[in-house]
Amino acid sequence: MDDATFNAPLEPAKKDRTVHVRVTADEHAGIEKAAEGAGMTVSSFFRSLLLEGAGVRPILTHDDRLVMAALLEDMRMIGVNLNQVARALNSGRGVHPSELDINLENVQRIQAAVMSELRTLTRRAGYQRRGEK
C-alpha cells in the first residue's frame, strides 16, 4: 500500500471566489430547471458542472450520494470482517475456509457494485454533455 491517504474535510471549504457568467433569460430558465431536476441549487449545480467539465469531480445527485454512502458502509463492514479474519490468523487461530470464501465474495460484490455505479455516473455525464437522456 502506498502513502496516499484519503482526506475528507470535516467542514466544507469556504467559497470566497466568484465566477461571473452572462446568460440569456432562456438559458437561465434552462439552468434553473436542470438544477431543480438534479435536486440542487443553481449555484451548486453550476459549480458541479464546472468542476465536472474541468475533470475535477463528477456531479453527484442526492440519490448518487445515498448510493455512495451505502456502498461506503458496505465496504467498511467488509473491512471490519477482514480485520477480524486477519487478527485470528495472526494469533494462530484457525479460520474456516467458508469464512474466507464469504469475505472474498463480499469484496467481489462490492467491487462490482462500485464499478457499476461509476459506469452509470460516467455514462450519465456523457449523455448529458451530448444532450441525450
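Everything numeric in this text was worked out from a predicted model, so none of it was measured.

### Considering the overall build of the chain
Reasoning step 1: Counting its regular elements, the chain contains four helices and zero strands.
Reasoning step 2: Mapped from its N terminus to its C terminus, the chain presents α and β elements in the order α-α-α-α.
Reasoning step 3: Burial status across the chain gives 17% buried among its 133 residues.
Reasoning step 4: For the chain, the share of sequence-separated contacts (at least 6 apart) that also reach a separation of at least 24 residues comes to 52%.
Reasoning step 5: As presented, the chain carries roughly 10900 Å² of accessible surface, and 57% of it is formed by carbon and sulfur atoms.

### Describing the pattern of salt bridges
Reasoning step 1: Scanning the model with the defined rule gives two salt bridges in all.
Reasoning step 2: Taking the shortest distance from any N to any O, the salt bridge between Arg-76 and Glu-73 comes out at 2.9 Å. Pair noted here: Arg-76 and Glu-73 are both in helix 3 (residues 62–90), with a separation of three residues, about one helical turn.
Reasoning step 3: Residue Arg-76 is classed as partly exposed on the basis of its relative accessible area, which comes to 46%.
Reasoning step 4: For Glu-73, a relative accessible area of 36% corresponds to the partly exposed category.

### Focus on the environment of Gly-37
Reasoning step 1: Along the chain, Gly-37 falls in helix 1 (residues 25–37).
Reasoning step 2: Overall, the relative accessible area of 71% leaves Gly-37 in the exposed class.
Reasoning step 3: In the structure, Gly-37 is positioned 24 residues away from Thr-61 in sequence and 9.4 Å away in space, judged by C-alpha atoms.

### Here we look at helix 3
Reasoning step 1: For helix 3, which comprises 29 residues, the first-to-last C-alpha distance of 42 Å matches the rise-based estimate of 42 Å (1.5 Å per residue) to within 8%.
Reasoning step 2: Listed in full, the buried residues belonging to helix 3 are Asp-64, Leu-71, Ile-78, Val-85 and Ala-88.
Reasoning step 3: Positive phi shows up at Gly-92, right after helix 3, with a value of about 90°.

### A short note on the environment of Ala-38
Reasoning step 1: One can find Ala-38 in the loop between helix 1 and helix 2 (42–53).
Reasoning step 2: C-alpha of Ala-38 to C-alpha of Thr-61: the two residues are 23 residues apart in sequence and 5.9 Å apart in space.
Reasoning step 3: Apart from the residues lying within four places of it in its own chain, the contact partners of Ala-38 are Phe-45 and Thr-61.

### Here we look at a nonpolar patch on the surface
Reasoning step 1: A contiguous nonpolar patch, built from Val-19, Val-21, Val-23 and Leu-50 and spanning about 340 Å² of accessible area, is present on the exposed surface.
Reasoning step 2: By the secondary structure assignment, Val-19 is in the segment before helix 1.

### What about the confidence of the model for the chain?
Reasoning step 1: The predicted model of the chain averages 81 in pLDDT, with 80% of residues at 70 or higher.
Reasoning step 2: The element-level mean pLDDT for the chain is lowest in helix 2, coming to 81, with helix 1 highest at 90.

Quick notes on the rules
- Residues numbered from 1 in each chain as written.
- Predicted model: local features only at pLDDT ≥ 70, side-chain atom pairs only at ≥ 80, totals over all residues.
- Heavy atoms only, no water.
- Helix = DSSP H or I, 4+ residues; strand = E, 2+ residues; numbered from the N terminus.
- Buried < 20%, exposed > 50% of the residue type's maximum accessible area, 1.4 Å probe, protein only.
- Contact = heavy atoms within 4.5 Å.
- Areas by Shrake-Rupley, 256 points an atom, 1.4 Å probe, with all protein chains shown as cover.
- Salt bridge = Lys/Arg side-chain N within 4 Å of Asp/Glu carboxyl O.
- Expected span 1.5 Å × (residues − 1).
- Patch = residues over 30% accessible without salt bridge, like charges linked within 9 Å, V, L, I, M, F, W, Y side chains within 5 Å.
- pLDDT = per-residue confidence, 0-100.

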